[in-house]
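Letter by letter, the chains look like this.
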2 protein chains.
Amino acid sequence: MVHAVNSGHPGGSLGCTEFLVTLYQNIMERKEGFDMDGIGEDIFFLSNGHISPVFYSVLARSGYFPVSELATFRLLNSRLQGHPTTHEGLPGVRMASGSLGQGLSVALGAAQAKKLNGDNHLIYTLHGDGELQEGQNWEAIMYASAKKVDNLIATVDVNGKQIDGTTDEVLAMGSIRAKFEAFDWDVLEIKEGNNIDAIIAGLTDAKSRTGKGKPVCILLYTEMGNGVDFMMHTHAWHGKAPNNDQLETISFMPIAYSLLRTAKNKMKKYTNTGSKDTRSGFGAGMTELGQKNEKVVALCADLIGSLKFDDFKKNHPERFFQIGIAEANMIGIAAGLTIGGKIPFTGTFANFSTGRVYDQIRQSVAYSDKNVKICASHAGLTLGEDGATHQILEDIGLMKMLPGMTVINTCDYNQTKAATLALADHHGPAYLRFGRPVVPNFMPADEPFVIGKAILLNEGTDVTIVATG
Amino acid sequence: MVHAVNSGHPGGSLGCTEFLVTLYQNIMERKEGFDMDGIGEDIFFLSNGHISPVFYSVLARSGYFPVSELATFRLLNSRLQGHPTTHEGLPGVRMASGSLGQGLSVALGAAQAKKLNGDNHLIYTLHGDGELQEGQNWEAIMYASAKKVDNLIATVDVNGKQIDGTTDEVLAMGSIRAKFEAFDWDVLEIKEGNNIDAIIAGLTDAKSRTGKGKPVCILLYTEMGNGVDFMMHTHAWHGKAPNNDQLETISFMPIAYSLLRTAKNKMKKYTNTGSKDTRSGFGAGMTELGQKNEKVVALCADLIGSLKFDDFKKNHPERFFQIGIAEANMIGIAAGLTIGGKIPFTGTFANFSTGRVYDQIRQSVAYSDKNVKICASHAGLTLGEDGATHQILEDIGLMKMLPGMTVINTCDYNQTKAATLALADHHGPAYLRFGRPVVPNFMPADEPFVIGKAILLNEGTDVTIVATG
């Protein structure tokens, strides 16, 4: 990934390269070295954390850490997780990001801390345009103008693309400018977002507008040719990677699975009928359900490919709901669809399926007894290289705490498909979790899934092992 | 509460009485009886669930259940919880509400189910104006126009008030009309929102605008004299109730505490130095911290009185941040304030402090190692009469799952105050939970709180009891 960026190959981060280079090299006032509080200097927050390659590259070349460390990107024990975090102490990073829509709120706090500290320096942020579909942004956008946070310049990378297609295809956003202006921001545009002169002019203009009672928004139009800023996102989540990335990713896997292998050697052998990813079992189940059950509808938050919804969407476009990057809204819409007799299956990653929307599931699904099936890919440790923000371990715990919630954690492709089919016949809220990696497929294809029933895999007398997933 | 509404006394629900009566009696097409799917009839969703008294009253008088049942409002085992739920099967209620900002998403789902079912009936919703501070609304508002959900009429009760004051004081929202229009809705206004003729005209106009490709929004301006639609909210959460309500509330308490009392009889006696609510211990701690520690800042999501922030706000207005009803934004801003060396204490109810913002805490506080103190009132069962949506039991479980999070559950006023003081000296994320009810205050006032240390209350040999809170 980093290699791809360095060598100038087109990549997910390229749409914002000129902007970040200009910001760090020409615009921001920065101190020598790095401290967390950043008093007496400008501060930048990356809200769309998936463009970490360009962020890390610019940080390294701005002197925050050795350029050689870029080669550790996405490796186990690296400080350069797939999405930025602070736990490992990487200089230049002040906040974890990766789960979208949170950066502007953090920036507001830092901006208000600067005011409290009598520090006249500025806060800069960068956001994706699709990211504005997350409601937390609008909480922050409303707050910023209400509280006159005028030491903040928020830049939106307007490239018109998100994972599942153009923003118009996924969730038409209309005029972003009109929206920011209706929320009382001072808005300016950089039409040539990949032209360094235009960026310098735009950022200089933006700086001149600070301190005048309004937060400042820059709409940065990046070239469509360069502006595939979700390619890195797409790579990380869809597995469509150039060779260098594949090598890096693969290097992680043997370590993660070593424990599993040790245990397997002592167990009865099962026949692997062909390794597959469990999420494809979900996709196959949805395809079959789409044909068999007219009541089944599917909802997705900009992750059709990752959830393997492609066939369902193609075969039943009228029963497929693309919600955009707005998981809270997705859960509510799913609950509403049950009122009218539909059986909604929602799909996004495990963190965004549970922790991101815990209260919405609690009130609108669990306490409202709604027949919603919450389906989650990328659960557990197997998303390792994406970093901590994408790697939820506590999703089972979260869902088990809710009244009436059935939690299903399947072991292979066949079982995931069978569980998906079984869910349509089960009335009540349910959470089904599965994953991206390819794993051995050993359950019989024709074995129906019985919710709540354990299966005996190995008989013996020495020890009892109870496992799930 | 219900008595107050029936006898025409001013109450929290009165601002919307004419609207709901008109909607149910003059406008909506309704079938006999009640079924959950509501196929072949119009459906209404109450998003601002705290105005349940008028909702229940209108439902009863529209024939959904006996008017006599209104007298059970907020009693234990009643179907009429303080905030509506569906578990008890109250006819007319299709969705739990109470945690704000979720109703429009649910309505969108129901509206799309109607389209799938070829059902030409309409979906109506009601929202508070302050409620629009919740970001999920803007996810839904964006989605509704993008997907042309034109069988929906969403009404906003514009009374300019929320719990902590006017909307302008709490979080100035600017022009609501301009915002909906910037999000491509068809907007109309009912200037006399307590005039039945005006409401009929407005709703009739709104109906005529459906089916034309845009969702329809009504801005319903309710009289300021009647429009204290958070009075019921204020009552429930602040304890300022008329006598009839006090009687109803008090009738709940002895049952809730019976188990506690039984146990106490067998324990060593402690001296009660004067019963107090633990949240006041938090407030007293914050007052002291405000004077002692310049770094301490406080953030609140429209619940100053409930969290006992009044003194801190009065003494240190520059260090007090009113966020409005936007908890996700509050957590992010708190995280940002630490960047600059502040020690932020956030305050709202336990459900909105944890489940509502789990992912924001996870990414922006826990994984980012931020020194944020998340402080929550109304934790646990003691909020019984407010209903299930406000009565979180799993907040400790949620917070214990997060890395580096210190969880503190105090037992009385003195200990809550001491724990609040201790938190300012403890570096790292922390969750402090306390409550509204008055409980015996038996810990010594001068006993410092040591985080992580257990206190031996009773010595003995028969049994070991380990308790928290």
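- For chain A, an unreviewed UniProt entry supplies the name Transketolase-like pyrimidine-binding domain-containing protein and the organism Tuber aestivum.
- You can read under Sequence similarities (unreviewed entry) in the UniProt record for chain A the words "Belongs to the transketolase family."

1. Some thoughts on the interface of chain B and chain A
Link 1 in the chain: The interface of chain B with chain A comprises 90 residues on the first partner and 90 residues on the second.
Link 2 in the chain: Taken together, the two surfaces of chain B and chain A that pack against each other cover about 7100 Å², and 58% of this comes from carbon and sulfur.
Link 3 in the chain: Three residues stand out in chain B for area buried against chain A, namely E139(B), I339(B) and Q363(B), and they jointly supply 10% of the buried area on that side.
Link 4 in the chain: Where chain B touches chain A, the interface holds four salt bridges.
Link 5 in the chain: The shortest N-O distance in the salt bridge between E394(B) and R362(A) comes to 2.8 Å.
Link 6 in the chain: Here chain B is connected to chain A by 63 residue pairs in polar contact (both at pLDDT 80 or more).
Link 7 in the chain: It is helix α14 (residues 327-338) of chain B that contributes the most residues to the side of chain B that touches chain A, nine residues altogether.
Link 8 in the chain: Here the residues of the side of chain B that touches chain A are counted per class, giving 42 nonpolar, 30 polar and 18 charged.

2. So, the nonpolar core
Link 1 in the chain: One finds W185(A) and W185(B) to be the most contacted residues of the largest nonpolar core, which totals 128 residues.
Link 2 in the chain: Apart from the residues within four sequence positions on either side, W185(A) is in contact with L104(A), I141(A), A144(A), S145(A), L152(A), A154(A), F180(A), K214(A), P215(A), V216(A) and C217(A).

3. With respect to the sheet that holds strand β7 (residues 216-221) of chain A
Residue and element names in this part refer to chain A.
Link 1 in the chain: Taken together, five strands build an open sheet; the order of strands is β1-β2-β3-β7-β6 and the sheet is parallel. The open sheet has two edge strands, β1 (43-46) and β6 (186-190), and neither has a second partner. Shown here is a sheet whose adjacent strand axes are inclined to one another by a mean of 20°, direction ignored.
Link 2 in the chain: Pairing analysis gives four bridges linking β1 to strand β2 (residues 123-128), with the strands arranged parallel. Residue pairing in the sheet places I43 in a bridge with I123 of β2.
Link 3 in the chain: Packing of helix α4 (residues 103-116) onto the sheet brings it into contact with β1, β2 and β3 (152-158), and relative to β2 it is tilted by some 175°.
Link 4 in the chain: Where helix α8 (residues 196-209) meets the sheet, it contacts β2, β3, β6 and β7, and its direction lies at approximately 170° from that of β6.

4. Focus: the environment of E318(B)
Link 1 in the chain: Inspection of the secondary structure assignment puts E318(B) in the loop between α13 (310-315) and β10 (320-322).
Link 2 in the chain: Residues E318(B) and V297(B), 21 residues apart in the sequence, show an inter-C-alpha distance of 8.7 Å.

5. Some words on the pairing of strand β11 (residues 343-349) of chain B
Looking down a regular strand, the side chains alternate between one sheet face and the other.
All names here are of chain B.
Link 1 in the chain: Most of β11 is tucked away, with seven of its seven residues classed as buried.
Link 2 in the chain: As defined by bridge partners, strand β9 (residues 296-300) adjoins β11 across five bridges and the pair is classed as parallel. In the strand pairing of β11, C300 is matched with G347.
Link 3 in the chain: Of the strand pairs in this sheet, β11 and strand β12 (residues 373-377) are connected by five bridges, and their pairing is parallel. Opposite F349, over in β12, you have S377 as the bridge partner.

6. As for the relation of the copies chain B and chain A
Link 1 in the chain: In the superposition of chain B on chain A (RMSD 0.0 Å, axial shift 0.0 Å), the rotation amounts to 180°. Between the two chains, the operation in question is that of a two-fold axis. The rotation axis passes nearest to the C-alpha of G135(B) in chain B, at a distance of 2.0 Å.

7. Let's talk about the packing of α14(B) against helix α16 (residues 358-366) of chain B
Residues and elements named next belong to chain B.
Link 1 in the chain: The interhelical angle for the contact between α14 and α16, taken along N-to-C directions, is 5°, at an axis separation of 9 Å. One element, α14, and the other, α16, form an angle in the roughly parallel class. Contacts from A328, I331 and A335 in α14 reach Q360, I361, S364 and V365 in α16.
Link 2 in the chain: Here the residues of the contact of α14 with α16 sort into five nonpolar, two polar and no charged.

Definitions and cut-offs
- Residues numbered from 1 in each chain as written.
- Chains lettered and ligands numbered in written order.
- Predicted model: local features only at pLDDT ≥ 70, side-chain atom pairs only at ≥ 80, totals over all residues.
- Heavy atoms only, no water.
- UniProt positions renumbered as here; feature names shortened; annotations may be inferred.
- Contact = heavy atoms within 4.5 Å.
- Buried area = accessible area lost by both parts, 1.4 Å probe.
- Salt bridge = Lys/Arg side-chain N within 4 Å of Asp/Glu carboxyl O.
- Polar contact = N/O pair within 3.5 Å; in protein donor to acceptor, adjacent residues only side chain to side chain.
- Helix = DSSP H or I, 4+ residues; strand = E, 2+ residues; numbered from the N terminus.
- Nonpolar A, V, L, I, M, F, W, Y, C, P; charged D, E, K, R; others polar.
- Core = buried A, V, L, I, M, F, W, Y, C linked by side-chain atoms within 4.5 Å.
- Buried < 20%, exposed > 50% of the residue type's maximum accessible area, 1.4 Å probe, protein only.
- Pairing = 2+ DSSP bridges.
- Axes fitted to C-alpha atoms, helices over the stretch in contact; angles between N-to-C directions.
- Least-squares fit on C-alpha atoms with pLDDT ≥ 70 in both.
- Parallel < 35°, antiparallel > 145°, perpendicular 65-115°, else oblique.

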